[in-house]
Number of protein chains: 2
Amino acid sequence: MEKQIETYLYKNIPITQAMGIQVEVASANKVILWAPFANNINHKKTIFGGSLHAVATLACWCLLYVNLKEVSEGQFQIVITKSDVDYLAPVDDDFKVECLIPETSEWQKFINMLHLKGKARIKLSAKIFHKDRLCVDYKATFAAIRA
Amino acid sequence: MEKQIETYLYKNIPITQAMGIQVEVASANKVILWAPFANNINHKKTIFGGSLHAVATLACWCLLYVNLKEVSEGQFQIVITKSDVDYLAPVDDDFKVECLIPETSEWQKFINMLHLKGKARIKLSAKIFHKDRLCVDYKATFAAIRA
């Protein structure tokens, strides 16, 4: 699944290839994306905030993609509607973003609404740790809509 | 100034070149950045949310860069600490991001604090309009710190 999603990203969202993103884990419960320092460096020799946000967005998108693929063979469009991000500390190396599935009750409400109404929203979060410290705390709302 | 900043971005934040960003206006009061559809497309044939956010972040950064260059010949580091973004409608073409200087009282407080303490925070906003509609409403807090 990891290689398949990576190929999908490179083909359909070409900036992900320029960012050098690799899909390390893409399961129904957890997504981990990796990105290299060199491609995403800024003038302070740390990771550009836009790259941190972009990779976190993709991690959340991948989690929904993997899960909704199982539900309905890709009949749903996934759209970001809101993001709230705290940049707590700089990242000065290759980095990973982790997105975990929300708690069961929230997730089930989302899936039920999706089946019932053909559209639903869910809040996801993604985190970037570096040197044992939380550097980026990313929260976003995504909408899934029956195509 | 526009070409100079564009060259600076491409050299120091290489992902900006992959995104095809061009600096249309870079004045003390207003920054407008432009980015092409093709480089920033996603699987839905609209602009990838990560690119929308990244270009908005850079517009705000440029506004601070231009102003602080005048204040102190680049002695300040500019860091994003928080971003809150509403993605109101998809963008399916080349797009522009506009960032305006905040109202005078806010700006003056920021500059005074910067001189007094050597660091200060400011809230900036950037907007992406497409087909006469506000598509992305971007707000972020930036810190400037004496190097």
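Residues numbered from 1 in each chain as written. Chains lettered and ligands numbered in written order. Predicted model: local features only at pLDDT ≥ 70, side-chain atom pairs only at ≥ 80, totals over all residues. Heavy atoms only, no water.

### Let's talk about the interface of chain A and chain B
Piece 1. Listed per partner, the contact involves 34 residues of chain A and 34 residues of chain B.
Piece 2. Carbon and sulfur atoms make up 61% of the area that chain A and chain B hide from each other, which totals about 2,700 Å².
Piece 3. Here chain A is connected to chain B by two salt bridges.
Piece 4. The shortest N-O distance in the salt bridge between Lys82 of chain A and Asp86 of chain B comes to 3.4 Å.
Piece 5. At the level of secondary structure, the elements contributing two or more residues to the side of chain A that touches chain B comprise α1 (2-12), α2 (15-18), α3 (49-72) and β3 (76-87) of chain A.
Piece 6. When residues in the side of chain A that touches chain B are grouped by element, the largest group, 11 residues, is from β3 of chain A.
Piece 7. Counted by class, the side of chain A that touches chain B contains 17 nonpolar, 13 polar and four charged residues.
Piece 8. In terms of strand pairing, β3 of chain A meets strand β3 (residues 76-87) of chain B through five bridges, oriented antiparallel. The residue of β3 of chain B that forms the bridge with Asp84 of chain A is Asp84 of chain B. (Contact = heavy atoms within 4.5 Å. Buried area = accessible area lost by both parts, 1.4 Å probe. Salt bridge = Lys/Arg side-chain N within 4 Å of Asp/Glu carboxyl O. Helix = DSSP H or I, 4+ residues; strand = E, 2+ residues; numbered from the N terminus. Nonpolar A, V, L, I, M, F, W, Y, C, P; charged D, E, K, R; others polar. Pairing = 2+ DSSP bridges.)

### Focus on the pairing of strand β1 (residues 22-26) of chain A
Residues and elements named next belong to chain A.
Piece 1. The sheet contact formed by β1 and strand β2 (residues 30-35) spans four bridges and is antiparallel. Counterpart to Gln22 in the pairing with β2 is Trp34.
Piece 2. Between the antiparallel neighbours β1 and β2 lie three residues.

### Considering the nonpolar core
Piece 1. Core analysis: the biggest nonpolar cluster contains 104 residues, and Phe110 of chain A together with Phe110 of chain B have the highest contact counts within it.
Piece 2. Look past the residues within four positions of Phe110 of chain A in its chain and what remains in contact with it is Leu64, Leu68, Ala120, Arg121, Ile122 and Ala144 of chain A. (Core = buried A, V, L, I, M, F, W, Y, C linked by side-chain atoms within 4.5 Å. Buried < 20%, exposed > 50% of the residue type's maximum accessible area, 1.4 Å probe, protein only.)

### Let's talk about the layout of surface pockets
Piece 1. Here the largest pocket is characterised by a volume of approximately 440 Å³.
Piece 2. Sorting the residues of the lining of the largest pocket by element identifies α3, β3, β5 (119-130) and β6 (133-146) of chain A together with α3 (49-72) and β6 (133-146) of chain B as the ones contributing at least two each.
Piece 3. In this structure, the second largest pocket spans a volume of roughly 370 Å³.
Piece 4. What lines the second largest pocket is a set of 24 residues, and nearest its centre among them are Lys44 and Tyr87 of chain A together with Val79, Ile80 and Thr81 of chain B.
Piece 5. Counting residues per element, the lining of the second largest pocket draws most heavily on β3 of chain B, at four residues. (1 Å grid on protein atoms, 1.4 Å probe; cavity = no way out; pocket = protein on both sides within 12 Å on 5 of 7 lines; lining within 4 Å. Points joined across faces, edges and corners; volume = space filled by probe spheres on them.)

### Some remarks on the packing of aromatic side chains
Piece 1. For the structure shown, the criterion picks out eight aromatic pairs over all chains.
Piece 2. Between Tyr8 of chain B and Trp61 of chain B, the aromatic rings sit 5.9 Å apart at their centres with planes inclined by 15°, giving stacked as the arrangement. Placement of Tyr8 of chain B in helix α1 (residues 2-12) and of Trp61 of chain B in helix α3 is noted, with a sequence separation of 53 residues between them.
Piece 3. When its relative accessible area of 6% is taken as the criterion, Trp61 of chain B is described as buried.
Piece 4. Three or more aromatic residues link up through ring pairs in this structure, and these residues are Tyr8, Trp61 and Tyr65 of chain A. (Phe/Tyr/Trp six-rings, centres within 6.5 Å; stacked < 30°, edge-to-face > 60°.)

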